[in-house]
Amino acid sequence: MLKGRSLIDPMDFTIEELEEIFSLADNIIENPKEYLHVAEGKILATLFYEPSTRTRFSFEAAMLRLGGQVVGFSEPNSSSVSKGETVADTIRIVSCYADITAMRHSKEGAPKIASMYSEIPVINAGDGGHQHPTQTLTDLLTIRKMKGSLSNFTIGICGDLKFGRTVHSLIKAISRYENNRLVLISPKELTIPEYIKKEILEKNNIEYVEAENLEDVIDGLDILYMTRVQRERFFNEEDYIRLKDSYILDRQKLDNAKDDMIILHPLPRVNEIDYEVDEDKRACYFIQAKFGMYVRMALIAKLLGVC
Amino acid sequence: MLKGRSLIDPMDFTIEELEEIFSLADNIIENPKEYLHVAEGKILATLFYEPSTRTRFSFEAAMLRLGGQVVGFSEPNSSSVSKGETVADTIRIVSCYADITAMRHSKEGAPKIASMYSEIPVINAGDGGHQHPTQTLTDLLTIRKMKGSLSNFTIGICGDLKFGRTVHSLIKAISRYENNRLVLISPKELTIPEYIKKEILEKNNIEYVEAENLEDVIDGLDILYMTRVQRERFFNEEDYIRLKDSYILDRQKLDNAKDDMIILHPLPRVNEIDYEVDEDKRACYFIQAKFGMYVRMALIAKLLGVC
Amino acid sequence: MLKGRSLIDPMDFTIEELEEIFSLADNIIENPKEYLHVAEGKILATLFYEPSTRTRFSFEAAMLRLGGQVVGFSEPNSSSVSKGETVADTIRIVSCYADITAMRHSKEGAPKIASMYSEIPVINAGDGGHQHPTQTLTDLLTIRKMKGSLSNFTIGICGDLKFGRTVHSLIKAISRYENNRLVLISPKELTIPEYIKKEILEKNNIEYVEAENLEDVIDGLDILYMTRVQRERFFNEEDYIRLKDSYILDRQKLDNAKDDMIILHPLPRVNEIDYEVDEDKRACYFIQAKFGMYVRMALIAKLLGVC
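Conventions and cut-offs
Residues numbered from 1 in each chain as written. Chains lettered and ligands numbered in written order. Predicted model: local features only at pLDDT ≥ 70, side-chain atom pairs only at ≥ 80, totals over all residues. Heavy atoms only, no water. UniProt positions renumbered as here; feature names shortened; annotations may be inferred. Contact = heavy atoms within 4.5 Å. Buried area = accessible area lost by both parts, 1.4 Å probe. Salt bridge = Lys/Arg side-chain N within 4 Å of Asp/Glu carboxyl O. Polar contact = N/O pair within 3.5 Å; in protein donor to acceptor, adjacent residues only side chain to side chain. Helix = DSSP H or I, 4+ residues; strand = E, 2+ residues; numbered from the N terminus. Nonpolar A, V, L, I, M, F, W, Y, C, P; charged D, E, K, R; others polar. Least-squares fit on C-alpha atoms with pLDDT ≥ 70 in both. Pairing = 2+ DSSP bridges. Axes fitted to C-alpha atoms, helices over the stretch in contact; angles between N-to-C directions. Buried < 20%, exposed > 50% of the residue type's maximum accessible area, 1.4 Å probe, protein only. Right-handed = clockwise from strand over helix to strand, strands pointing away.

Identification of chain A as Aspartate carbamoyltransferase from Clostridium pasteurianum DSM 525 = ATCC 6013 is taken from an unreviewed UniProt entry. Recorded under Function (unreviewed entry), the UniProt text for chain A is reproduced unchanged: "Catalyzes the condensation of carbamoyl phosphate and aspartate to form carbamoyl aspartate and inorganic phosphate, the committed step in the de novo pyrimidine nucleotide biosynthesis pathway." The UniProt entry for chain A carries the following comment under Pathway (unreviewed entry): "Pyrimidine metabolism; UMP biosynthesis via de novo pathway; (S)-dihydroorotate from bicarbonate: step 2/3."

## What about the interface of chain B and chain A?
Contacts between the two partners involve 27 residues from chain B, matched on the other side by 27 residues from chain A. For the pair chain B and chain A, the summed buried surface comes to about 2,300 Å²; carbon and sulfur atoms form 55% of the total. Inspection of the chain B/chain A interface yields 3 salt bridges. In this structure, B:Arg269 engages A:Asp89 in a salt bridge whose closest nitrogen and oxygen atoms are separated by 2.7 Å. For the pair chain B and chain A, the number of links is 9 residue pairs in polar contact (both at pLDDT 80 or more). Only helix H2 (53-65) and helix H11 (285-304) of chain B provide two or more residues apiece to the side of chain B that touches chain A. A total of 9 residues in the side of chain B that touches chain A trace back to one element, the largest contributor, which is H2(B).

## Considerations on the interface of chain A and chain C
At the interface, 27 residues of chain A touch 27 residues of chain C. Surface buried jointly by chain A and chain C totals about 2,300 Å² across both partners, of which 55% is contributed by carbon and sulfur atoms. On the chain A side of the interface with chain C, the three residues burying the most area are A:Arg54, A:Phe57 and A:Arg65, jointly 27% of the side's total. Applying the counting criterion to the chain A and chain C interface returns 3 salt bridges. One salt bridge in this structure joins C:Arg92 and A:Asp278, with 3.1 Å as the shortest N-O distance. Along the contact surface separating chain A from chain C lie 8 residue pairs in polar contact (both at pLDDT 80 or more). Within the residue set of the side of chain A that touches chain C, elements represented by two or more residues are helix H2 (53-65) and helix H11 (285-304) of chain A. It is H2(A) that contributes the most residues to the side of chain A that touches chain C, 9 residues altogether. Within the side of chain A that touches chain C, the residues separate by chemical class into 12 nonpolar, 7 polar and 8 charged.

## Here we look at the relation of the copies chain B and chain A
Rotating chain B by 120 degrees about the axis while translating it 0.0 Å along that axis superimposes it on chain A, leaving an RMSD of 0.0 Å. What we have between these two chains is a three-fold relation. Minimal C-alpha separation from the rotation axis in chain B is found for B:Gln69, amounting to 5.1 Å. An asymmetric contact is evident, with only 7% of the interface residues of chain B recurring at the interface of chain A.

## A look at the UniProt feature "domain: Aspartate/ornithine carbamoyltransferase Asp/Orn-binding" (unreviewed entry) in chain A
Within the UniProt annotation, "domain: Aspartate/ornithine carbamoyltransferase Asp/Orn-binding" (unreviewed entry) is assigned to residues 152-301 of chain A. The distance separating the terminal C-alpha atoms of residues 152-301 of chain A is 30 Å; by composition the span is 34% helix and 15% strand.

## Some thoughts on the environment of C:Tyr195
Relative to the elements of secondary structure, C:Tyr195 occurs in helix H7 (residues 194-202). The contacts of C:Tyr195, once residues within four sequence positions are left out, are C:His168, C:Lys172 and C:Ile200.

## Things to note about the relation of the copies chain A and chain C
Least-squares fitting of chain A to chain C yields an RMSD of 0.0 Å, with the transformation described by 0.0 Å of translation along the axis and a rotation of 120 degrees. When you check the interface residues of chain A against chain C, a mere 7% turn up at the interface there too, and the two sides of the contact use different surfaces.

## Quick look at the sheet that holds strand E1 (residues 43-48) of chain A
All names here are of chain A. Spatial ordering of the open sheet is given by E2-E1-E3-E4, a layout of 4 strands whose pairing is parallel. With one partner strand each, in any of the chains shown, strand E2 (69-73) and strand E4 (122-127) form the two edges of the open sheet. Ignoring strand direction, the axes of neighbouring strands in this sheet form an average angle of 15 degrees. Where helix H3 (residues 87-97) meets the sheet, it contacts E1, strand E3 (100-105) and E4, and its direction lies at approximately 155 degrees from that of E1.

## Topic: the sheet that holds strand E7 (residues 207-211) of chain C
Residue and element names in this part refer to chain C. With respect to topology, 5 strands assemble into an open sheet ordered E7-E6-E5-E8-E9, the strand pairing being parallel. Either end of the sheet is taken by a strand with one partner, and the two such strands are E7 and strand E9 (262-264). Across the sheet, the mean angle from the axis of one strand to that of its neighbour is 20 degrees, orientation sign disregarded. Docked against the sheet, helix H5 (residues 133-147) engages strand E8 (223-226) and E9, running at close to 170 degrees with respect to E9.

## Examining the pairing of strand E4 (residues 122-127) of chain C
Residue and element names in this part refer to chain C. Of all 6 residues in E4, 6 are buried; the element is thus mostly enclosed. Here 4 bridges tie strand E3 (residues 100-105) to E4, and the two strands are oriented parallel to one another. Directly across from methionine 103, in E4, lies its bridge partner asparagine 124. Viewed along the sheet, the connection from E3 through helix H4 (residues 110-117) into E4 turns out right-handed.

Below is the structure:
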């Protein structure tokens, strides 16, 4: 039963509950017109204490495409609620006006606190470097739609695996499905933290290998999840110069990849995927953004209890 | 006849007109679904030259829950209309796009000027330290809903009674109803201005007493209206330290209050109501925020002439 | 066929296509209620990298009055899409959420680039000093509505004719209609650029005269299009002082004008039209703002293909 619940951590829902959401998303994608009025009379509050146009648009478009409405703010300065008022008081007042809320905050845990005082469902739309659960739902739905299931794949994850919250959440989520194999591609300074290896991968018997070069391993991948490697994460300039091209996906590297491999990216990209790759049929990062809207539609509808 | 009118000053409407609004608000609270489409095809413009998320959300949610739509801005910087254009010209242009407007401005009188040039109703959503009439409507509706009427009560008003515009408007408004008695609780530096005593209270034969300590008078109150006492309002630090706790409502002070007393606050609070009071059934300040949305729904519907 | 097209340059559409838009605008003005649901289920994204409340409100009100919905941002700071992401990537992501977009950008050509990568129609809502095509549509619709046609008029255009993009677009547009005569009124420093004389006026056999004083020529005009003359455009202070009053329209100058002359202005005005002129029945600049909303309704409906 998802009605009235909040989504704070990507692991808040069981596999069965996720399946319920994905299955509704499938239906919405097939028959969007049938959902045009399901949230009529309902209001989503988008409380973005930190700007994120892309995520905000995705939530707002999702609510509007369900027939609901939106109130919100998109940065702390324009928000008197951020001054001298606790998140607890703010959410109790917002609960008076809205039926569901999506909160983005620079402080870890703020959406969690909000959900404790709220009378309406709270969706964590990103809290600092901590969690961004709807990105994880987006990633899972995209794999499920483009590859037919969430099991039995070799999944390459490339970039900054040490600090990337998107990557950590994806690894935790995908580890709950059967028979996936991970290829973790990163510079040595930015490998996956030990606790994820021990508590997630090894505990769930997930097979994984680590690699320093994308080129060496791309041929075995069913899915390639690209993320950015920020220059300032490297310990020294030499390493950066030596390694940076290893983490840029271009057409040449793609020559060795499987024909049906899919390329994902949470976006925005800077230069880690060459623009020429956009034309390749394996490039799925823009449709991934579209699936992000559909999965948010399904999530909102389920938490509101209207579908 | 409220259709086409503006609301600039809390005293703009007669008691009968207020009753018309409150009575519609009652109906909306009872049967919100019947009002889901009454403002269909109408647009509210929220012109917030000064940010106030809470008030803006309340107006916008009100309009959306009537089936109307909203355009707006929420701070002066994002608003080219605030640069080099008079309020008169701005409102005439906004009149072209919208059917009703709510304006908040740091300058006293700006909404009044707007209403003079506007072809659509203008609601003052707060002009500097001057007026905030929909807060007064909210306060009156809340008392009426929680206590059954607006007459025959002993009403304590506590905090900064010298500078608080909310308090001044409430006193003027409540003085129009029969047989209310006021208990005005404040530090000596922050007592009610003489002109309110002379021109409002004495002219209307309103019985009142002044007190310096909340504890001394709380047992006789039917309604306790709390507001903030700002540190910088005190003339000296000693007075502040000596008195500040007198103006913080906690569970202990509540022990002496009547069982059916209601506690109101315009929000946001800082520390003048202890969080433990939130659990007390007499705490009505969050439901007051909800009534704020309903009274704005009734007001908008009446000014638009759709109900 | 306008469905799916973008509008970047005022000259993008043929006279026949413009006529299709104006004719729809006529119908909307006559029967606005018939259009209340035509864009139901559609979303307009307003991407305002540069603030312009008036233009944004006009687009948003237009979309809402068609039954559509809006997502958007109104200044660059609140927009993470403006940081480190190309316009090409931004528009591809926005294409996932919205059905049509209106973009305002301080850089010339940004909306053009967006339209090249977009899967949805892009409307240029102003790019730097370059183009602002919906202002031109507004000007044309207003002349057509108030004067009955777009041909056979003597049109005075007054103010800064050197740098004003609005003026250049209007001259290009009106030159496509038959038998119009232009009176170009400006200080010598701010006369119309040579390329417009050569490539537009002379190539299209448009008769024109240049004048330095509005008073000298106002009696012959059917239409007077006023724009602002900025002090900083003058080469020296003496010229400014000597000439500035020539470019301020007041009641006295109007005494010599035809009874059925119409006065237009793209707004906002500063002081170039005296407030006393607002009461004159020839003043059409506020209704022009209203026509701006209607022409945007027609444009959006046509590009979406819903009318």
